[in-house]
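So you can see what is in the structure, the chains are spelled out below.
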Amino acid sequence: MWKKSPRRKPLLLRGARQVGKTTVVNEFGGSYNNYLYYNLERADHKALLEKDLPLDTLVEQLFLFHRHQRREGTTLIFIDEIQNSPTVISKLRYFYEERPDLHIIAAGSLLESIVNVDFSFPVGRVDYLPMRPCSFREFVCAIGKNHLLEMARTPELADVVHNELMSCFNKYLLVGGMPAAVQAYLEERDLLAFDDIYETLLQAYRDDAEKYARAGKLSNVIRFILEHGWGNAGSTVTMNGFANSDYKSREVGEAFRLMDKAMLLELVYPITNTAVPAMPETKRQPKLIWLDTGLVNYAANIRNDIIGANDIMDVWKGRIAEHVVAQELLTLNYKISQRRQFWVKGGGGASAEVDFIWTVDSRLIPIEVKSGRNSHLRSIHSFIDLSPTDVAVRVWSGPLSIDDVQTTIKKKKFRLINLPFYLVGDMERIVRQNM
């Protein structure tokens, strides 16, 4: 835990706007004897923290500014919207070197937009933690049904709660994980009653276009992607002329890279190898995965299709099911460097593509989001034939089951984990149990 770590450094929270960074830290601040909050969108807060003062003097002024009577014990200083001041970012190194007794957290939704600016970034003197939209596990806890997941982990009870958990997951698929949308659902219990929240979020991201890129045309490309790119979620994309635009490959690629840094989306690249290390083929077409499936549903206008579907695999040719699985995969750990990947068969012969590849204990695990019989998982069979691994995962709407299977061509035996959508967050544990 960061708070108790003997190697604690100032913590930089990275994440898109409105994923709950400020709310989480304010709640966390209640566990300290002293909690000081500064927001660098406020001119007075920014001016104070930018003062050229000895650090001990600055800390005293931080307490005086808040008229906070300093208590014995721990102190947390939270610097919000820190991207507004490269000067304050540079000072984080001095908090680490000179005042390790103080606990420092900084956050900024557009922090990545200034990383390449020429100033002294405190490399090696800060820790990083990504903050993303709520996971399904967090959603279930919020609606008071976390006991269902505990029951699903008990083999004797798993079938009993399957239908209810799938119902919960379908609600999560519609609502998404943005905290404001989850809160609105908790209050109103209406899956279509908070269009204003989605619209406000989307407009805020568009308004930020100039902050991501100072160049005029690049800002226009970013805004165009935020207007028209949601319908490409879960599919491979071509940079040149993206979404029937006149923009060139270089312009679209640069815009995507900036938005990727800001954690609004991720370009998921394929790999062609079947053993570690998983090396992305960045010259091939990537898949576009946005930060939140609920936003995708709203912006792409497919929510009614989801509500009317018997199986979420039937919606949008399975792309929305694949997209929400991609979102859940990022909840398996808190690594800031974690990237998603998929597999395509290299060389000659029949083509094959596996939806996702995940590394578990130095093994590449193929993951397909698909219903149907085991023999129809041709891409997984192709991967297993070429791979040293003997475990694969199929995510589906059915209950958890384990099948002993052999590939159709080389007759190689492997274990297929049929994983319900609601247990993707438990995938690593389940995979390890079946290795």
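Our subject is the structure that appears above.
Residues numbered from 1 in each chain as written. Predicted model: local features only at pLDDT ≥ 70, side-chain atom pairs only at ≥ 80, totals over all residues. Heavy atoms only, no water.

With respect to the pattern of salt bridges
This model, assessed by the stated rule, comprises 25 salt bridges. Two residues, Glu97 and Arg93, come together in a salt bridge whose shortest N-O distance is 3.4 Å. Linking Glu97 with Arg93, this pair stays in helix α4 (residues 86-98), spanning four residues, or about one helical turn. A residue is classified by how much of its surface remains accessible, and Glu97, at 39% relative accessible area, is partly exposed. In this structure, the salt-bridge partner of Arg363 is Asp390, at a minimum N-O distance of 3.1 Å. Of this pair, Arg363 sits in strand β10 (residues 363-369) while Asp390 sits in the loop between α16 (378-386) and β11 (391-396), placing them 27 residues apart in sequence. Take Arg363: its relative accessible area is 30%, and that puts it in the partly exposed class. The network of salt bridges with shared partners includes Glu150, Arg153, Asp426 and Arg429. (Salt bridge = Lys/Arg side-chain N within 4 Å of Asp/Glu carboxyl O. Helix = DSSP H or I, 4+ residues; strand = E, 2+ residues; numbered from the N terminus. Buried < 20%, exposed > 50% of the residue type's maximum accessible area, 1.4 Å probe, protein only.)

Considerations on α4
With 13 residues, α4 extends 19 Å from end C-alpha to end C-alpha; this agrees with the ideal 18 Å at 1.5 Å per step. Considered for burial, the residues of α4 that qualify are Val88, Ile89, Ser90, Lys91, Leu92 and Phe95. (Expected span 1.5 Å × (residues − 1).)

Concerning the packing of helix α11 (residues 216-228) against helix α12 (residues 249-261)
Relative orientation of the contacting elements α11 and α12 amounts to 70 degrees, with a least axis distance of 9 Å. For the element pair α11 / α12, the angle class is roughly perpendicular. In this structure, α11 contributes Lys217, Leu218, Val221, Ile222, Ile225 and Leu226 to the contact, and α12 contributes Glu251, Val252, Glu254, Ala255, Phe256, Leu258 and Met259. Here the residues of the contact of α11 with α12 are counted per class, giving ten nonpolar, no polar and three charged. (Axes fitted to C-alpha atoms, helices over the stretch in contact; angles between N-to-C directions. Parallel < 35°, antiparallel > 145°, perpendicular 65-115°, else oblique. Contact = heavy atoms within 4.5 Å. Nonpolar A, V, L, I, M, F, W, Y, C, P; charged D, E, K, R; others polar.)

Notes on helix α1 (residues 21-29)
Two residues of an α-helix separated by three or four positions point the same way, owing to the 3.6 residues in each turn. All of the buried residues in α1 are Lys21, Val25 and Gly29. Viewed along the axis of α1, the buried residues span an arc of 65 degrees, placing them on a single side of the element. Every exposed residue of α1 that faces more than 90 degrees away from the buried side is listed here: Thr23 and Glu27. For α1, the elements touching its buried residues are β1 (11-14), β2 (34-39), β3 (75-80) and β4 (103-108). (Arc of directions from axis to C-beta.)

Quick notes on the sheet that holds β2
With parallel pairing, the five strands of this open sheet are ordered in space as β2-β3-β4-β1-β5. Each of the sheet's edge strands pairs with one partner strand only, and the pair in question is β2 and β5 (127-130). Across the sheet, the mean angle from the axis of one strand to that of its neighbour is 20 degrees, orientation sign disregarded. Pairing analysis gives four bridges linking β1 to β4, with the strands arranged parallel. Along β4, the bridge assignment pairs Leu11 with Ile105. On top of the sheet, helix α3 (residues 55-65) reaches β2 and β3; it is set at about 90 degrees to β2, its chief contact. (Pairing = 2+ DSSP bridges.)

Here we look at the nonpolar core
The biggest cluster of nonpolar side chains holds 104 residues, and the ones touching the most others in it are Phe136, Tyr205, Trp290 and Phe421. For this core, the element with the most residues is helix α7 (residues 155-175), which contributes nine residues. Once you skip the residues sitting within four places of it in the chain, Phe421 turns out to touch Met166, Phe169, Ile312, Met313, Ala321, Val325, Val369, Val395, Trp396 and Ser397. In this structure, Leu62, Ile82, Leu102 and Ala106 belong to the second largest nonpolar core, which totals 22 residues. (Core = buried A, V, L, I, M, F, W, Y, C linked by side-chain atoms within 4.5 Å.)

Comments concerning the packing of aromatic side chains
Taken as a whole and assessed by the stated rule, the structure comprises 16 aromatic pairs. Taken together, Phe136, Phe139, Phe169, Tyr172, Tyr185 and Phe421 form an aromatic cluster joined through their ring pairs. The side chain of Lys3 reaches across the aromatic face of Tyr32, ending 4.2 Å from its centre. (Phe/Tyr/Trp six-rings, centres within 6.5 Å; stacked < 30°, edge-to-face > 60°. Lys NZ or Arg CZ within 6 Å of the ring centre and 35° of its normal.)

Quick word on the environment of Arg206
Tracing the backbone through its elements, the reader meets Arg206 in helix α9 (residues 195-207). Here the alpha-carbon distance between Arg206 and Glu328, two residues 122 residues apart in the chain, equals 25 Å. The contact partners of Arg206, leaving out residues within four places of it in the chain, are Glu199, Arg223, Leu226 and Glu227.

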